[in-house]
Amino acid sequence: MGTKGRAIIGMDVDELLGLLNAAYASEWLAYYQYWLGAKLIKGPMKDAVAAELTLHATEELNHATLLTTRIIQLGGAPVTDPKQWFAASPCAYDAPDDPYVAVILEQNITGEQCAIGAYKKLMDVTKDKDMVTYNLALTILEQEVEHEEDLQSLKDDLDLMVSRGSR
Ligand code: FE
Ligand code: FE
Ligand code: MG
């Protein structure tokens, strides 16, 4: 823990650590949801969608890396037991039990929308209080916004393909 780095934070550090750990748990769940969805996916455009899902999985894992670095820097303890991920995460884990491409896309769009809300909240809470975490949350938020749009445009293409194909 860096003592001066912690001392400049203008908010309760334990509250901040709680928010960082919540985001950390969500990133692991998002990683697994994407990673497994990419393996199971079936239906039109599945190869293009699987490639995007796999890329997003690696990006979610990188978000977990960024968050755990900040948690440790602040003297906190990242959630050590995966059993705690569900309780800690503000965003749901949606098991890819139905492998149809549209269902997988919708599940992950919902996940991204939750993540966008969570990082917006982290930014609101840290604004003018903790510039380092604020900047970290912005970096991750930019990528979650990109993820949502990637998935929605794949879903739009899929919907076009399915509706034109049935005419
Ligand atoms: Fe993420
Ligand atoms: Fe994401
Ligand atoms: Mg992408």
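See the structure shown above.
Visitor: An account of the state of the cysteines is requested, with residue identities and associated values reported.
Guide: What is meant by a disulfide is a covalent connection between two cysteines, made through their sulfur atoms. With the rule as written, the count across this model stands at 1 disulfide. A disulfide bridge connects Cys91 with Cys114, and the sulfur atoms are separated by 2.0 Å. Given an S-S torsion of about -90°, the disulfide between Cys91 and Cys114 has left-handed geometry. Taken together, the positions of Cys91 in the loop between helix H4 (85-88) and helix H5 (101-126) and Cys114 in helix H5 put the pair 23 residues apart, joining distant regions of the chain.

Visitor: Run through the coordination of the magnesium ion (ligand 3), naming residues and quoting values.
Guide: Note on the magnesium ion (ligand 3): its protein donors are Glu52 (OE), His56 (NE2) and Asp150 (OD). The metal-donor distances range over 2.0 to 2.4 Å. Sequence positions of the residues that donate to the magnesium ion (ligand 3) give the spacing E-x3-H-x93-D. A residue pair is termed long-range when its members are at least 10 positions apart, and Glu52 in helix H3 (residues 46-73) and Asp150 in helix H6 (residues 131-165) qualify at 98 residues. Judged by relative accessible area, Asp150 falls into the buried class, the value being 17%.

Visitor: Describe a nonpolar patch on the surface, with residues and values.
Guide: A cluster of nonpolar side chains, namely Tyr100, Met161 and Val162, defines an oily patch on the protein surface of about 260 Å² accessible area. As for its position among the elements, Val162 is in helix H6.

Visitor: Which residues make up a negative patch on the surface, and what values go with them?
Guide: Taken together, the side chains of Glu146, Glu149, Asp156 and Asp157 make up a negatively charged region of the molecular surface. For Glu146, the position within the fold is in helix H6.

Visitor: If you had to explain the pattern of salt bridges to someone new, which residues and values would you point to?
Guide: Per the counting criterion, the structure on display carries 6 salt bridges. Linking Lys83 and Asp81 is a salt bridge whose minimum nitrogen-to-oxygen distance equals 3.3 Å. The exposure class assigned to Lys83 is exposed, which follows from its relative accessible area of 69%. Between Glu106 and Lys155 there is a salt bridge; the shortest N-O distance is 3.5 Å.

Parameters at a glance
Residues numbered from 1 in each chain as written. Chains lettered and ligands numbered in written order. Predicted model: local features only at pLDDT ≥ 70, side-chain atom pairs only at ≥ 80, totals over all residues. Heavy atoms only, no water. Disulfide = S-S within 2.5 Å. Helix = DSSP H or I, 4+ residues; strand = E, 2+ residues; numbered from the N terminus. Donors = N, O, S within 2.8 Å, 3.2 Å for Na, K, Ca; no water. Buried < 20%, exposed > 50% of the residue type's maximum accessible area, 1.4 Å probe, protein only. Patch = residues over 30% accessible without salt bridge, like charges linked within 9 Å, V, L, I, M, F, W, Y side chains within 5 Å. Areas by Shrake-Rupley, 256 points an atom, 1.4 Å probe, with all protein chains shown as cover. Salt bridge = Lys/Arg side-chain N within 4 Å of Asp/Glu carboxyl O. Lys, Arg positive; Asp, Glu negative; His and termini not counted. Charge placed at Lys NZ, Arg CZ, Asp CG, Glu CD.

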